[in-house]
Each structure stands twice: as C-alpha cells, then as structure tokens.
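Single-letter residue listing:
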Amino acid sequence: MPSTPQSALARSALAIVLAAIAVSAVHSALAQADYQPSPENLEARREFQDMKFGMFIHWGVYSILGDGEWVFHNRKLTLDEYNRLPAFFDPEKFDAKVWVALAKAAGMKYITITSRHHDGFAMFDSKVSDWNIVQRTPYKKDPLKMLADECHRQGIKLFFYYSQLDWHNPDYYPRGATNWDNGRPDHGDWNTYLDTYMDGQLRELLTNYGPIGGIWFDGMWDKPDADWHLPKTYALIHQLQPAALIIPNHHQTPRPGEDVQTFEHDLPGENTAGFNTKYVSTKLPLESSDTLNDSWGFNIGDSNYKSVADVERRLVRAAGNNSNLLLNIGPYPNGEIDPQFATRLQAVGEWLSKYGDSIYGTRGGPVPPGDWGVTTQKDNQIYVHVLNWGAPLLALPPIGSKVAGAHSLLDGASVEFTQNADGLILKVPPAKKEEADRVIVLTLAKGN
Ligand code: FHN
C-alpha cells in the first residue's frame, strides 16, 4: 500500500495508542504486587461467600472415551491420535437450560465449567487457534455461550475453569512434570504461549460472555518454578472485569491478585489429598472442590457415587469451615447428565429447601469444627449442626455471646439449654432416621 500523509498520521496515532496501552498494561501488571481489590471485586467476594454451593462441570472431547479428563496423558496418546477425537464430539443432547435448571434444583448458586482442560481444547469459540469446538467438531457451536446466556437468564453465576497446563500446544515449552513424548517438537516459545495464546483466550472469555463470576485456574503445579507472568494475566482479568474473581488451584499460599483460596478434595487446612497447603487465608473467601463419584470427567467405569447424606454433610462441613463447596459432575459426551448425578443433586436441593437458612449467607460460626459437627452464623443467629453425636447432651465451649433462645430448625420446637462461663450445654433432639444433620438455632440476646 503506498504511503500517504494520512496513513503516516494514522500509523503514528496507532503507535501512540499502542504505547499508551503497553504503559497501562505494564503499570497494572506491576500494580498486582500490591493489589487492592476494587469495590466491585470486594462485593463479588461477599456474594461468592454467600452462595456456598456450586456445580463443577468437567466436559470436553475426552468425555467421548469415558475414561476421565486425563485420558490423553494416561494412555500416552500421540497428538495425531488425540487430534482425531474432536471429529466424534457432537453433543446433540446438550441443553443449557437443563444444566442450569439442574444446578438450581440442587440449590447451587454458581457453575464452574472447564473452558479448556489440560488437553488445551477450547470448548468455546476461540479465534486464537483452531483447536476448539467450533472449528474442529461437527457440532460447530459454542456451548459456553449458550450456557452463559442461560445462566444470565436464570440468575446463576458462571465461572470458567482454565487450564494453564497444556498437553497440546507446542509453545508450552519447556514442558512440565506431566510431559510425555506425544509428538510435539522439542522447542517452543513460552512467552508466546502465555502472552499471546493464554492471555488471548482469557481476553475472549472475559469479553464475549457478558459478566462472568471469574476464572478458576488449574495446572500451574505442572511447572511450579516457571515464570507464569501471573501479574500480567491477573491484571488483564481485573482490568477487563473488575468483579471477576481469580481462583487459582495451585495448591499454594495465595499470591497478590488472587481473590479466592480453593482446596481440592479437602476442607480448608486439611491435606488428606496430599497436595493441599495447610495454610488457610483469613482474608480471602474459601472454597473446597470435590467429586460426586471419584472422577472429574465422565468415567464409564466409576459408579462410586457419594450418597445424598454424604453430600449434605460435606456441604455443612464446608460451611462450618467458612468455605463453599464446589461439587463436580462429568456429563456424557452427548451433553446429557447421568441420572445418577441428577437424582442425587435434586435430593440435595430438596434438603436445602428446608435447611438452606443455616447455610446460605452464613460464615463459619464461633465454635471450632469438630468430629461432632460445626457451627455457622448469620446476623444474630448461630446454627449448631450436629452431624455425628449420639448422646442426648452436647457441651460446647463459650461462644462469646449470650443466648436468648434455642430451637430446632426443622420444626421450630424449642431446645433446652444452659449457659455459663464454661460454655453451653444443649439438649439435642433425637436423630430421625436418615437425618444427615440436626440443626439447632441459637438466637443471640440483643446488645451482644
Ligand atoms: O488435574 C486436574 C484434574 O483433572 C481436575 O481438573 C482437578 C479439579 O480440581 N484439578 C486438577 C488437579 O489439581
């Protein structure tokens, strides 16, 4: 194209704009070091804590093989082999309305879905590469867009899980702990992977789907010593949507710019899984993620479903530990949700319609969680959740406030109690058959 004075002017104007964008990006990247969450972000954190119960969804082209989301790695498939999978992914039964309605029926207030897992396959319409559902599958549509629209319609918050680890992109190099020889070249540009590919996709997720709850990162543990350019990525997210929460599943102490601390397969501070940090933030909202059977992605050989009572107890224990519970399902490749998941979730939802007051909007209560149960608190009410206690009397340590009355949440019947400087003794109503939790509501005296 011949150079004209106008095009020269346009070029200098563009150069100035790009320089300004670069300066502002560097500035906000540095600013993450002493990150001060915006008022919108702080409000989103409070809302997040109030929601308490979320639906985790692992769904991708790996679902076709019915062997979990790690199948690419576990079977040591080559790129050429795995590249054949998307051609078989045609989820004609996927209905965003049904998924969102199920989450609501379960009493879940948010959904966190894999926008891409470690196979790097984007389950959304990405222009950054053609390794995505719209360009590589016969389905050709963007299910995350449908899900986002439906979540907005039905008032459910949507979070995107995003794997930083990538088993497919050659620029994910040097490779990490989960590396195997799948046919990628032994060279690649790490900076391009992070700055162009990953940040490019994050920009799409934060731009094309309306307001989202946040980004749930996973996979940094594959290269724990690498420079992940976190300040830059975190600044980008907070700049595009200040209320979007950054939830990193890196199993480490939280870093500047992160908004929630999440724990996998464990309650905050526990480490039965073997990879969680015991450090628990006292400032950030907390979340604990778990599976409804033993798998994240659809696994045809896994029928080890948790019982409804088990899920209810986990939710209660999470709340008593001041945490949310993010409970996972792995839908079929055709988009249907296994009735084994659906019926359990509906039953939990029915239970929550009776017990929800003692969970939603609460924070961890004044009594440390114990084997017997936990407490939650909202305003001037403390909920004593008796989960595992066979005796008629339950003695609790001092709670720091005077109790004006106590009643059973389920039927409103008053509960006898005595309180003195040594603590509180409650006469626990006898457990009914199959009752996962006995909740006694303590109303605190005014002026406490
Ligand atoms: O490797 C993943 C796994 O597939 C799954 O996504 C879970 C969910 O918390 N996180 C990773 C392991 O930390």
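In case you missed it, the structure is sitting above this.
Predicted, not measured: the structure shown is a model, and the values here were computed from it.

## Observations concerning the overall build of the protein chain
- When you go through the protein chain residue by residue, the secondary structure sums to eleven helices and 16 strands.
- For a compact globule of 448 residues, the expected C-alpha radius of gyration is about 22 Å, and the protein chain comes in at 24 Å, within 12% of that figure.
- Expressed as lengths along the three principal axes of its C-alpha atoms, the size of the protein chain is roughly 90 × 50 × 40 Å.
- Evaluated residue by residue, the protein chain yields a buried proportion of 53% over its 448 residues.
- In the structure as shown, the protein chain presents an accessible area of about 19400 Å², 55% of it carried by carbon and sulfur atoms.
- Charge centroids of the protein chain, computed over 41 positive and 53 negative side chains, lie 4 Å from each other.

## A short note on the side chain of Arg 116
- Following the sequence through the fold, Arg 116 ends up in strand E2 (residues 110-116).
- A distance of 2.8 Å separates a polar atom in the side chain of Arg 116 from a polar atom in the side chain of Tyr 193.
- A distance of 3.5 Å separates the side chain of Arg 116 from the side chain of Gln 201, its partner in a polar contact.
- If we ignore the near neighbours within four places in the chain, the residues touching Arg 116 are Phe 121, Ala 122, Tyr 161, Tyr 162, Ser 163, Gln 164, Leu 165, Asp 166, Tyr 193, Tyr 197 and Gln 201.

## Comments concerning the packing of helix H10 (residues 308-320) against helix H11 (residues 339-355)
- Contact geometry of H10 with H11 gives a least axis separation of 9 Å together with a crossing angle of 55 degrees. Here H10 lies oblique to H11, going by the angle between them. Considering the relative orientation of H10 and H11, their crossing is right-handed. Contact with H10, carried on its side by Val 308, Val 311, Glu 312, Leu 315 and Val 316, involves Arg 344, Ala 347, Val 348, Trp 351 and Leu 352 of H11 and no other residues of that element.
- Split by residue class, the contact of H10 with H11 holds eight nonpolar, no polar and two charged.

## Re the pairing of strand E4 (residues 214-218)
- Judged by how many residues are buried, E4 sits mostly within the fold: five of five residues are covered.
- Burial along E4 is two-sided: Gly 214, Trp 216 and Asp 218 and Ile 215 and Phe 217, pointing in opposite directions, are all buried.
- Sheet topology note: the strand E3 (residues 157-163)/E4 ladder contains five bridges and is parallel. Looking at the pairing, Tyr 161 lines up with Trp 216 of E4.
- Read as a crossover between parallel neighbours, the route from E3 over helix H8 (residues 190-207) to E4 is right-handed.

## Some points on the packing of helix H5 (residues 96-105) against helix H7 (residues 143-154)
- In the contact formed by H5 and H7, the axes pass within 9 Å of each other and the chain directions differ by 45 degrees. By the angle between their directions, the pair H5 and H7 is classed as oblique. Relative to H7, H5 is oriented so that their crossing is right-handed. Judged by residue contacts, Ala 96, Lys 97, Trp 99, Val 100, Ala 101 and Lys 104 of H5 engage Met 146, Leu 147, Glu 150, Cys 151 and Gln 154 from H7.
- For the contact of H5 with H7, the per-class residue count stands at seven nonpolar, one polar and three charged.

## Remarks on the sheet that holds strand E13 (residues 403-408)
- The five strands lie next to each other as E9-E10-E11-E16-E13, forming an open sheet whose pairing is antiparallel. Both edges of this open sheet fall to strand E9 (363-364) and E13, since each of them pairs with a single strand only.
- Alignment of E13 against strand E16 (residues 438-444), held across five bridges, turns out to be antiparallel. By the bridge assignment, Ala 406 is partnered in E16 with Leu 442.

## Describing the side chain of Arg 438
- In this structure, Arg 438 sits in strand E16.
- No salt bridge is formed by the buried Arg 438; its nearest oppositely charged neighbour, Glu 435, is found at 5.0 Å.
- Of the polar contacts made by the side chain of Arg 438, one reaches the backbone oxygen of Trp 389; its length is 2.6 Å.
- Each residue touching Arg 438, except ones within four places of it in the same chain, is listed here: Val 384, His 385, Val 386, Trp 389, Val 428, Pro 429, Pro 430 and Ala 431.

## Describing the site of the ligand
- Around the ligand, the surrounding shell holds 14 residues, and the nearest of these are His 58, Glu 69, His 118, Asp 218 and Glu 264.
- Asn 249 is positioned such that a nitrogen or oxygen atom in its side chain is 3.5 Å from an oxygen atom of the ligand.
- With respect to the ligand, the side chain of His 251 contributes an N or O atom lying 3.5 Å from an oxygen atom.
- Relative to its unbound accessible surface of 330 Å², the ligand loses 94% to contact with the protein.
- Residues belonging to the shell around the ligand are distributed by class as follows: six nonpolar, five polar and three charged.

## Quick word on H11
- Under the 1.5 Å per step criterion, the end-to-end length of H11 is 24 Å for 17 residues, consistent within 8% with the ideal 24 Å.
- Residues of H11 that are buried include every one of Phe 341, Ala 342, Arg 344, Leu 345, Val 348, Gly 349, Trp 351, Leu 352 and Tyr 355, and no others.
- For H11, the secondary structure elements touched by its buried residues are strand E1 (53-57), H5, H10, strand E8 (323-329) and E16.
- The opening residue of H11, the one whose side-chain oxygen lies 2.8 Å from the backbone nitrogen of Gln 340, is Asp 338.

## Notes on the packing of aromatic side chains
- Taken as a whole, this structure holds 31 aromatic pairs when the rule is applied.
- Considering the side-chain rings of Tyr 305 and Phe 341, the 5.7 Å spacing of their centres and the 85 degrees angle between planes classify their relative orientation as edge-to-face. Of the two residues, Tyr 305 is situated in the loop between strand E7 (286-291) and H10 and Phe 341 in helix H11; the sequence distance between them amounts to 36 residues.
- Assessed through its relative accessible area of 4%, Phe 341 is described here as buried.
- Taking the centre distance of 4.7 Å and the plane angle of 15 degrees together, the rings of Trp 351 and Tyr 355 count as stacked. One end of the pair, Trp 351, and the other, Tyr 355, are both in helix H11, four residues apart, so they sit about a helical turn from each other. Comparing Trp 351 with Tyr 355 shows no difference in burial state: the two are buried.
- Grouped by ring-pair contacts, the aromatic residues Trp 70, Phe 72, Tyr 82, Phe 121, Trp 131, Trp 167, Trp 180 and Trp 221 constitute a single cluster.

What counts, and where the lines are drawn
- Residues numbered from 1 in each chain as written.
- Predicted model: local features only at pLDDT ≥ 70, side-chain atom pairs only at ≥ 80, totals over all residues.
- Heavy atoms only, no water.
- Helix = DSSP H or I, 4+ residues; strand = E, 2+ residues; numbered from the N terminus.
- Rg over C-alpha atoms; globule rule 2.2 N^0.38 Å.
- Buried < 20%, exposed > 50% of the residue type's maximum accessible area, 1.4 Å probe, protein only.
- Areas by Shrake-Rupley, 256 points an atom, 1.4 Å probe, with all protein chains shown as cover.
- Lys, Arg positive; Asp, Glu negative; His and termini not counted.
- Charge placed at Lys NZ, Arg CZ, Asp CG, Glu CD.
- Polar contact = N/O pair within 3.5 Å; in protein donor to acceptor, adjacent residues only side chain to side chain.
- Contact = heavy atoms within 4.5 Å.
- Axes fitted to C-alpha atoms, helices over the stretch in contact; angles between N-to-C directions.
- Parallel < 35°, antiparallel > 145°, perpendicular 65-115°, else oblique.
- Left-handed = near helix turned anticlockwise from the far one by under 90°.
- Nonpolar A, V, L, I, M, F, W, Y, C, P; charged D, E, K, R; others polar.
- Pairing = 2+ DSSP bridges.
- Right-handed = clockwise from strand over helix to strand, strands pointing away.
- Salt bridge = Lys/Arg side-chain N within 4 Å of Asp/Glu carboxyl O.
- Near = heavy atom within 4 Å.
- Expected span 1.5 Å × (residues − 1).
- Phe/Tyr/Trp six-rings, centres within 6.5 Å; stacked < 30°, edge-to-face > 60°.

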